[in-house]
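Inside the fold
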Amino acid sequence: MIAGAYALVQEIAKESIAISLAAPAIALLLIAVVKEKFSRAVGVASTGIVLAVSLFLLAYLYAGHSIAISTSIPFISSLNINFEMGINPISFALFMMSSIVLFATSFAGNVHRTRQKATQFLIVLFQLASAGLFLSLNLFIFFIFWDIGVIAMFFFINSLGSESRKSAAMKFLIYEILASSMLLFGILMIYFYTPVHSFSISKIIANSGLIPIGEQAVIFASLFIAFIINMPVFPFHLWLPDAHTEAPTQGSMLLSGILTKFGGFGVILLFEMLPISRMFGNYIAALAVVSAFYSVLVLMRQDDIKRIIAYSTITEMAIVLFGISEFSNFGLYGSVYAMLSHGLLIAMLFLGAGSIEVIFNTRNIHILKGIVKNAGLVAYSMLAGIFIMLGIPLSSAFIADLLIFIGAVSAFGLAGLAPLLALLLVGAFLYLVISRSFMSTGKYTRAVGSIGADQRLAFCVLLFFIFLFGAFPFIMLGVFKI
Amino acid sequence: MFIYPIYVLAPLALAAFIALLSGVIDKKSGLVKYIALAAVVASFAITCGIIAQGSGIYELRWFSFGGIAFNITVSTFLLNKILLFLVGLIGIAIFIYSIGYMDEPENQNRYYFEMIIFTLAMMLFAISANFISLFIAWELLGITSYLLIGFWYAKAKVSEAARAAITTILIGDISMLAAIVLFFNLYHTFNFYTLIGMAPSPLAVFPLTFLLIAVFTKSAQFPFSNWLQLAMEGPTPVSAFLHSSTMVKAGVFILILLLPLFAQSHMLWVLLAVGLITAVFGAMNALSENHVKKILAYSTMEDLGLMIVALGLNAVYAAVALFIVQTFYKALLFLSAGYVMKANHDREDIHKIAVNSRLVSFSMLAAALSLAGLFPLSGFFGKTALGIAARPNILVYTVLLGIDVLSALYIFRWFFVLKKKKKESTTVRFSKLPMELGIGIVLALLIISSLAMYFAVNYREISILRINYTENINDIAIETFLISAGVAAAWLFYRKRDIKALSAMEKNPGIAGRILYNNVFIWSAYLIVAGIIAAAANAVFYFDRAFNRFTYMLGKLALLAGDALSAFENGEVNAYIAVFAAGLVFLVIFFIIK
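Presented here is a report on the structure given in the accompanying data block. (Residues numbered from 1 in each chain as written. Chains lettered and ligands numbered in written order. Predicted model: local features only at pLDDT ≥ 70, side-chain atom pairs only at ≥ 80, totals over all residues.)

The helix and strand tally for chain B stands at 23 helices and 2 strands. In terms of overall dimensions, chain B has a C-alpha envelope of 115 × 60 × 60 Å along the principal axes. Per-residue burial over chain B gives 51% buried out of 594 residues. If you take every contact in chain B between residues at least 6 apart in sequence, the share linking residues at least 24 apart comes to 80%. (Helix = DSSP H or I, 4+ residues; strand = E, 2+ residues; numbered from the N terminus. Buried ≥ 20, exposed ≤ 12 C-beta atoms within 10 Å, placed from the backbone. Contact = placed C-beta atoms within 7 Å.)

Here it is as structure tokens:
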């Protein structure tokens, strides 16, 4: 019987990729046919199943099993394009994060349950995109899922957002289409200039040294710009704050939580694929530092809680880029951990911002006073979120910061500590916001709404995983096997 | 490896969990205070067990990455035991005192939850032996102290005071992380004791500087000292705990542990200078402040400054002596202050507070005498040890004597003004017994510690303080004379004078008062830094807006270009043919020329 159970475990692990893609695909069809009120249940089931699969995989991999889970199905044989999917440590960490965020998003964030069907459809579509993107081993597949994600997010903003959503959605689309076209251009360049003519990432890594140096530089530039538009990094960051301002809460959670990680993941892939990237390490690090300080300083002048959090995303993603540009295990895995941590954290912060809007009908920090009195859980969760953003120990952000900055000092010396100063400025400003708007001096904004138990549960789920990965980092680091 | 010292945290962790749970289930049950007290007593019992055991160092593998182990390391050496013992002792007194003090039933769960985590963090700090466990404790201390200082966030000024604290602490946290990372890159270890044994490196100056910034923020040294007096907005038991055995001592403690590194890198002068400046500032401001607790806060600044000076003189024994004695008198002063405030409708001005309890009067006197440093109270031994250590350096010695006079003066000003008869004395009803019990325990501890110090000096074989009465009689005489003079001056100036005249005089401090009350200058320096950051933020913000407009204009430009080009697509076949023909002609000419 034990042998039977073991065989079952093996079987599930083998089919995990198929389940992760099939669940959202089936859910998409189901949502299209079921009544409005059941769509939520379908969405929760789909994301819940994938969360269960990813937790199962976490346990399976932590138990020491081989990570070699991959499938390859011929897709367009004449062009040597295969439907290659697989799990490696880095993609698994991001997949894990995305499944938690998606699960929380599927049942929280939409307090009034407006337009459930459309919302759930887009969430599940985005789920399909993110699972496919993080698990793909083929640039062609990567590109397809990238665009599915972008389109899902465009409709999220364009049809479910607030008043001036159309222009924000269009801005988002223009930037992302630019990114997509750069991405496609880069991918095609790689395809034509590698001798094997393949989109398969493993084959590209094996043969990328054979690409002439000039072409490598062109490929690098186009892919790097594509990815930093998505991350986003200064000077391509302008779409993010506007998109967040107009996006619904769930859209924001997915946008900052997962979509920006597409870019981070892409940069990691790019640096793995092209040997020329190492030449640009210092410049990229400098760009990251500029981006971090720039976003912090702009952040200090914002009134809207969502815009503040949006700019903090730019800061955090700049630190991620900084970590990746160290070209060391510490930097790379620190950045992956930072993305894992940041995805969960930012989803919680946007959920908090959305809850504040529901409860007080405003997001302006100059109008809000004494949130803690009428929305205690939200206020304390946001406060905890700020502590986490600043990297308190026992939260996942601490592990990320520790690894990134240990790597940074060995790569860049004292200058490697520069982003810490940006973090200090973020903290100082956010404490000001907490002091003025969350705590208060006797004035309280009147509550006009309330959030349900499902919202509270989502806060707890996200915080639970942040502290799980922070207090027991050996689980995820055991998967990394470094 | 089996790390039994960490079990000292178990009762507290359990109690914190219960407090959190009962906060969710039943907000008004009064049970949580007894649970908290029981947890602290249990932790203290375990502490005693640890003290009875031998000393050792214990490691627990937390995680490993890249072949490097990130351990949670704890040790039970003498210093760890001393701090653990002090935290437990004072903790018990403070948790008893809190039963009387914190009589708002709806806030009790929050209060005890935060207090328990605070105690837990300090106990973890006391036994930590590497940077990982230290940093966990360090940040937990910062966060819980922020929550506790901002406990009554609805009152005016409170949330701003808490913000001042957490912002300063944040500077320390970031510096500490920087120091940890730099130390690790330099020496490849997180362990303090391995670190001390390492060969000195010229690059060690950088991590040590960051470590010093972290220490100065936590221990409220110049120029990071301002949060300490603002933190007085918190509940008094918190102030008592924060200023006596926890939080502010954390910085000094880590310096004591890592002092050899500073000595190797020739950085002791920094400690000496900053410590002296802070002590002088603290004493001056304490003399001109009227807030009953803020005077004590400035005095803590002074005490901490003196400890840092002792470390700057490489006199670890003097620093440890000051460290121990300060715990008792400062806790006693704060607990008494909290009692008299509570009995006077939470008034804060020393000119408006009357002291009616005998126990409290006696406690205040004993603590004030100890702070001033008069024989045979414990403060004497600390100050004398420091004085003797400073004797070779005449400049430092002179300044220290001046500080001694000032501290005698301000603490007896505090005492005499409080003790004056005030005309209005309505009684406030509150549960006095637990508070008096707490004060009584700390008073007893003060007396016991005085006796212990007395024996520690007199029995030569354990004369750890290096005080020799016959050799150092001159120093002792000078110091005692000056302190007595300070007390006498306070008597003449404050005891003799009528309260109304005094109050009026201190409302208009004049030029001397302004020099003394120089805290405002530090505050303006902060504002300048904040202004520079705000200006930078403004500049970048407007740049961002302009950049955004610029991208819009690019978009507009594309649209205009589209409009312009669309003029060509007008459907007139003749025009198309004309353009086509022109192109053909152009091509032919081009090929002919070529």
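Having seen the model, we can carry on.
Before going further, it helps to examine the overall build of chain A. Counting its regular elements, chain A contains 19 helices and 2 strands. Against the compact-globule benchmark of 23 Å for 482 residues, chain A has a radius of gyration of 21 Å, which places it among compact chains. Each of the three principal axes of chain A carries a C-alpha extent, and together these read 70 × 55 × 45 Å. The 482 residues of chain A split such that 61% are buried. The long-range fraction of contacts in chain A, counting pairs at least 24 apart against all pairs at least 6 apart in sequence, stands at 78%. (Rg over C-alpha atoms; globule rule 2.2 N^0.38 Å.)

Time to look at the interface of chain B and chain A. At the interface, 37 residues of chain B touch 40 residues of chain A. Elements with a contribution of two residues or more to the side of chain B that touches chain A: strand 1 (57-65), helix 5 (131-149), helix 6 (158-187) and helix 22 (519-566) of chain B. The element contributing the most residues to the side of chain B that touches chain A is helix 6 of chain B, with 15 residues. Classifying every residue of the side of chain B that touches chain A gives 25 nonpolar, 8 polar and 4 charged. (Nonpolar A, V, L, I, M, F, W, Y, C, P; charged D, E, K, R; others polar.)

Moving on, we get to the nonpolar core. Among the nonpolar cores identified, the biggest contains 401 residues, and L321 of chain A together with A36, I116, A165, A310, L332 and V442 of chain B are the most heavily contacted of them. Broken down by element, the residue count for this core peaks at 21 residues, all from helix 13 (residues 329-360) of chain A. (Core = buried A, V, L, I, M, F, W, Y, C linked by C-beta atoms within 7 Å.)

Moving on, we come to unusual backbone geometry. With the exception of glycine, the majority of residues adopt a negative phi angle, and the majority of peptide bonds are in the trans configuration. Residue and element names in this part refer to chain A. Residue P232 is reached from M231 by a cis peptide bond, and omega for that bond is -10°. Assignment of secondary structure puts P232 in the loop between helix 8 (213-230) and helix 9 (239-246). Each neighbour pair has its own omega, and for F234 with P235 the value is 5°, a cis peptide bond. Structurally, the position occupied by P235 is in the loop between helix 8 and helix 9. With phi around 65°, N361 is a residue other than glycine that occupies positive phi space. Tracing the sequence through the fold places N361 in the loop between helix 13 and helix 14 (371-374). We classify N361 as partly exposed; it has 13 C-beta atoms within 10 Å.

Moving on, we come to helix 10 (residues 249-273) of chain A. Each α-helix winds once per 3.6 residues, and so residues spaced three or four apart point in a common direction. Helix length check: helix 10 of chain A, at 25 residues, gives a terminal C-alpha distance of 36 Å against a target of 36 Å (1.5 Å per residue), a fit within 8%. The axis of helix 10 of chain A is deflected most strongly, by about 35°, at L255 of chain A. (Expected span 1.5 Å × (residues − 1). Bend = angle between axes of the 7 residues up to and from the residue.)

Another aspect to go through is the environment of H244 of chain A. Residues and elements named next belong to chain A. Mapped onto the elements of the fold, H244 is located in helix 9. Distance from H244 to A415, taken between C-alpha atoms, is 32 Å for residues 171 residues apart in sequence. Beyond its immediate stretch of four places on either side in the chain, H244 contacts S252, L255, S256, K306, R307 and A310.

The subject of this paragraph is the packing of helix 3 (residues 89-107) of chain A against helix 13 of chain A. Residues and elements named next belong to chain A. The contact between helix 3 and helix 13 brings their axes to 9 Å, and the two run at 5°. Judged by the angle between their axes, helix 3 and helix 13 are roughly parallel. The segment helix 3 lies against helix 13, with I90, A93, L94, M96, M97, S98, I100, V101, A104 and T105 engaging V336, M339, L340, G343, L344 and A347. Looking at the contact of helix 3 with helix 13, its residues break down into 13 nonpolar, 3 polar and no charged. (Axes fitted to C-alpha atoms, helices over the stretch in contact; angles between N-to-C directions. Parallel < 35°, antiparallel > 145°, perpendicular 65-115°, else oblique.)

Glancing now at the packing of helix 4 (residues 116-135) of chain A against helix 10 of chain A. Residue and element names in this part refer to chain A. Across the interface, helix 4 lies against helix 10 with an axial gap of 11 Å and an inter-helix angle of 15°. The angle between the axes of helix 4 and helix 10 places the two elements in the roughly parallel class. As helix 4 runs across helix 10, the sense of the crossing is left-handed. On helix 10, the residues that touch T119, I123, F126, S130, L133 and F134 of helix 4 are Q250, L254, I258, F262 and F265. When its residues are assigned to classes, the contact of helix 4 with helix 10 shows 8 nonpolar, 3 polar and no charged. (Left-handed = near helix turned anticlockwise from the far one by under 90°.)

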